[in-house]
Number of protein chains: 2
Amino acid sequence: MKHSVIILVEPQLAENIGMVARAMANFGLSELRLVSPRNGWPKKGAHSAASGATHVLEGARLYDTVRDAIADLNFVFATTARERGQMKRVFAPDAAMAEAQRRLGAGQGVGILFGRERTGLENDEVSLADAIITFPVDPKFSSLNLAQAVLLVSYEWYKLATGGVLPFDGGRQSPPAPREMMMSFFDYIETELDAVNFYPEDKKPTMTRNMRDIFHRLEMTEQEVRTLRGAIRALAEGRRLRKP
Amino acid sequence: MKHSVIILVEPQLAENIGMVARAMANFGLSELRLVSPRNGWPKKGAHSAASGATHVLEGARLYDTVRDAIADLNFVFATTARERGQMKRVFAPDAAMAEAQRRLGAGQGVGILFGRERTGLENDEVSLADAIITFPVDPKFSSLNLAQAVLLVSYEWYKLATGGVLPFDGGRQSPPAPREMMMSFFDYIETELDAVNFYPEDKKPTMTRNMRDIFHRLEMTEQEVRTLRGAIRALAEGRRLRKP
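Residues numbered from 1 in each chain as written. Chains lettered and ligands numbered in written order. Predicted model: local features only at pLDDT ≥ 70, side-chain atom pairs only at ≥ 80, totals over all residues. Heavy atoms only, no water.

### Notes on the sheet that holds strand 7 (residues 131-133) of chain B
Residues and elements named next belong to chain B.
Okay, so step 1: In spatial order, the strands read 3-2-1-6-4-7-5; together these seven strands make up an open sheet with parallel pairing. Among the strands making up the open sheet, the edge pair consists of strand 3 (61-63) and strand 5 (89-91). For this sheet the average axis-to-axis angle between neighbouring strands, irrespective of direction, equals 25°.
Okay, so step 2: Note that strand 4 (residues 75-79) and strand 7 share three bridges and pair parallel. Counted as the bridge partner of Thr79 is Ile133 from strand 7.
Okay, so step 3: Contacts from helix 1 (residues 14-26) reach strand 1 (5-9) and strand 2 (32-35), with the element oriented near 170° to strand 1.
Okay, so step 4: Packed on one face of the sheet, helix 7 (residues 146-162) meets strand 1 and strand 6 (110-114) and runs near 155° to strand 6. (Pairing = 2+ DSSP bridges. Helix = DSSP H or I, 4+ residues; strand = E, 2+ residues; numbered from the N terminus. Axes fitted to C-alpha atoms, helices over the stretch in contact; angles between N-to-C directions. Contact = heavy atoms within 4.5 Å.)

Listed below in structure tokens is the structure:
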């Protein structure tokens, strides 16, 4: 499947362009287009901010106008923080990426326009887009940094494209210990605690059940039961050794 | 409801701390804790990077150790890009924020640890946390910038807390025009096109239906129908005016 194209319109700061490239690479996007970057291109500082995402920066294509940059695409989103009085469909980033993937799957080219750092996209540029993406931000503080906006779109893109699979899942290497091992562990600690008169008279049944609950909740593996049992044994033996 | 606490462990760059504050403010978070920032605090440059989120920076609390910073909390997440061989539950940002909101709703204090820019959290620091958050990044380019990581967590936080409501929804001010107005519009353009012999012989029924489909698809409001009808009238009248 083709990927969504990220299009920055007159970006100014090298750091932002670099951070955009990094954010794209974090989430598997690679096609970057730049429309008339302020003060020219390439910019000093973009590479270091990209933090290794040089393939995105080096593959970036330059255009003079938004019209040129979107000419070969079939569907274009414009990102904007504010209402433009244009009667377009408005998408959240996740819904937009679902729409983009549906279209990309059907062979369409899809692009997302991001405006200038201070002033965003001009109304005329928004009017070249099919639909709008806006972000679910706090209305009291709604100004997203350029690279942060690209990050959120890229993140939702990748989350959808991969089903949100994580680089690792912390899945247990080992299953919970067999119940036989747990019951033997209970017998052991209850015997040791009895030996030191831990249980006040008449409280033993309740306290035993409560403590078994603590250990059940841990869902320990065999290795963990052995570790904990060893620690308790060390305490008990150490005490016996210290005693004359 | 209380909010999740963002905890940065030995952050180095003023720009990152400022961008973290901005990202938090974008998504309605305000409680920031800093554990031993490298080269002291406050840092020059943090305020300008915060781009107005000074209330977050100025409210930031300083701690010497992770232990101190999490002491009053009931549940702590550690963010990490790599497996640590610790048998903790691993959450994606969205699932983690669902868990955080459930706990906050029950009156618990919840914090999220973010590590140093280059080296992340130490294993010992991760071992103080109850669970892990990791990000669904491209394994080929998995290094997220510190502020970007905070942004993703904050974004998922706010999306969940608000039901993903957008600052504006592009809802139409006006409903689609009544069908009577559309049929009158069709009559008008079909008459004008007939007058200039637009339709090849025998094709008129098909072409008429196809063109009506184009206009139906627009779901135009009354105002839009008037605008388009005016544009067609201008073309037709202009032509008649130009003709001697």
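The discussion continues.
### A short note on the relation of the copies chain A and chain B
Okay, so step 1: The transformation that overlays chain A on chain B combines an axial shift of 0.0 Å with a rotation of 180°, and the residual RMSD is 0.0 Å. Within this description, the copies of the chain are treated as partners about a two-fold rotation axis.
Okay, so step 2: Taken as a fraction of all interface residues of chain A, those also at the interface in chain B reach 100%, which identifies the copy contact as same-surface. (Least-squares fit on C-alpha atoms with pLDDT ≥ 70 in both.)

### A look at the pattern of salt bridges
Residue and element names in this part refer to chain A.
Okay, so step 1: On inspection of all chains with the given rule, the structure shows 28 salt bridges over all chains.
Okay, so step 2: For the salt bridge of Glu31 with Arg33, the shortest nitrogen-to-oxygen distance reads 3.0 Å.
Okay, so step 3: Classification of Glu31 as partly exposed rests on a relative accessible area of 30%.
Okay, so step 4: Judged by its relative accessible area of 2%, Arg33 is buried. (Salt bridge = Lys/Arg side-chain N within 4 Å of Asp/Glu carboxyl O. Buried < 20%, exposed > 50% of the residue type's maximum accessible area, 1.4 Å probe, protein only.)

### Details of unusual backbone geometry
Okay, so step 1: For the peptide bond that leads from Trp41(A) to Pro42(A), omega is 0°, which places it in the cis range.
Okay, so step 2: Tracing the backbone through its elements, the reader meets Pro42(A) in the loop between strand 2 (32-35) and helix 2 (46-50).
Okay, so step 3: Its identity is not glycine, yet Asn197(B) carries a phi of approximately 50°, on the positive side.
Okay, so step 4: Position of Asn197(B) among the secondary structure elements: in the loop between helix 8 (179-195) and helix 9 (204-217).
Okay, so step 5: You can call Asn197(B) exposed: its relative accessible area is 67%.
Okay, so step 6: The phi dihedral of Asp202(B) is positive, around 70°, even though this residue is not glycine.
Okay, so step 7: On the basis of relative accessibility, which here comes to 71%, the residue Asp202(B) falls in the exposed class.

### Some words on helix 1 (residues 14-26) of chain A
Okay, so step 1: The terminal C-alpha atoms of helix 1 of chain A lie 18 Å apart, and with 13 residues this matches the ideal 18 Å at 1.5 Å per residue to within 8%.
Okay, so step 2: Helix 1 of chain A sits mainly inside the fold: 12 of its 13 residues count as buried.
Okay, so step 3: Against strand 1 (5-9), strand 2, helix 2, helix 3 (54-58) and helix 7 (146-162) of chain A together with helix 7 of chain B lie the buried residues of helix 1 of chain A.
Okay, so step 4: Residue Gly28(A) follows helix 1 of chain A closely and has a positive phi angle near 75°. (Expected span 1.5 Å × (residues − 1).)

### Re the interface of chain A and chain B
Okay, so step 1: Listed by partner, the interface residues are 53 residues for chain A and 53 residues for chain B.
Okay, so step 2: For the pair chain A and chain B, the two sides together bury roughly 4300 Å², of which 63% comes from carbon and sulfur.
Okay, so step 3: Of all residues in chain A, Met87(A), Phe141(A) and Phe168(A) bury the most surface against chain B, accounting for 18% of the area lost on that side.
Okay, so step 4: If you look at where chain A meets chain B, you find 15 residue pairs in polar contact (both at pLDDT 80 or more).
Okay, so step 5: For the side of chain A that touches chain B, the elements supplying multiple residues, two or more each, are helix 1, strand 5 (89-91), helix 5 (93-105) and helix 7 of chain A.
Okay, so step 6: In terms of residue count, the dominant contributor to the side of chain A that touches chain B is helix 7 of chain A (eight residues).
Okay, so step 7: Grouping the constituent residues of the side of chain A that touches chain B by class yields 28 nonpolar, 14 polar and 11 charged. (Buried area = accessible area lost by both parts, 1.4 Å probe. Polar contact = N/O pair within 3.5 Å; in protein donor to acceptor, adjacent residues only side chain to side chain. Nonpolar A, V, L, I, M, F, W, Y, C, P; charged D, E, K, R; others polar.)

### Digging into the nonpolar core
Okay, so step 1: Ranked by internal contacts, the top residues of the largest apolar core, which has 94 residues, are Ile6(A), Leu8(A), Phe77(A), Ile6(B), Leu8(B) and Phe77(B).
Okay, so step 2: Excluding residues within four positions of it along the chain, Ile6(A) makes contact with Val20(A), Met24(A), Leu29(A), Glu31(A), Leu32(A), Arg33(A), Ile112(A), Phe114(A) and Val150(A).
Okay, so step 3: In terms of nonpolar packing, the next biggest core, distinct from the first, is built from 20 residues, Ala69(B), Ile70(B), Leu113(B) and Ile132(B) among them. (Core = buried A, V, L, I, M, F, W, Y, C linked by side-chain atoms within 4.5 Å.)

### Points about the packing of helix 8 of chain B against helix 9 of chain B
Residues and elements named next belong to chain B.
Okay, so step 1: Close contact between helix 8 and helix 9 brings their axes to 11 Å; oriented N to C, the two are set at 135°. When the axis of helix 8 is compared with that of helix 9, the two are oblique. Here helix 8 and helix 9 pass one another in a crossing that is right-handed. In contact with Arg179, Met182, Phe185, Phe186, Ile189, Glu190, Leu193 and Asp194 of helix 8, helix 9 contributes Lys204, Thr208, Met211, Arg212, Phe215 and His216.
Okay, so step 2: Per-class residue counts for the contact of helix 8 with helix 9 are seven nonpolar, two polar and five charged. (Parallel < 35°, antiparallel > 145°, perpendicular 65-115°, else oblique. Left-handed = near helix turned anticlockwise from the far one by under 90°.)

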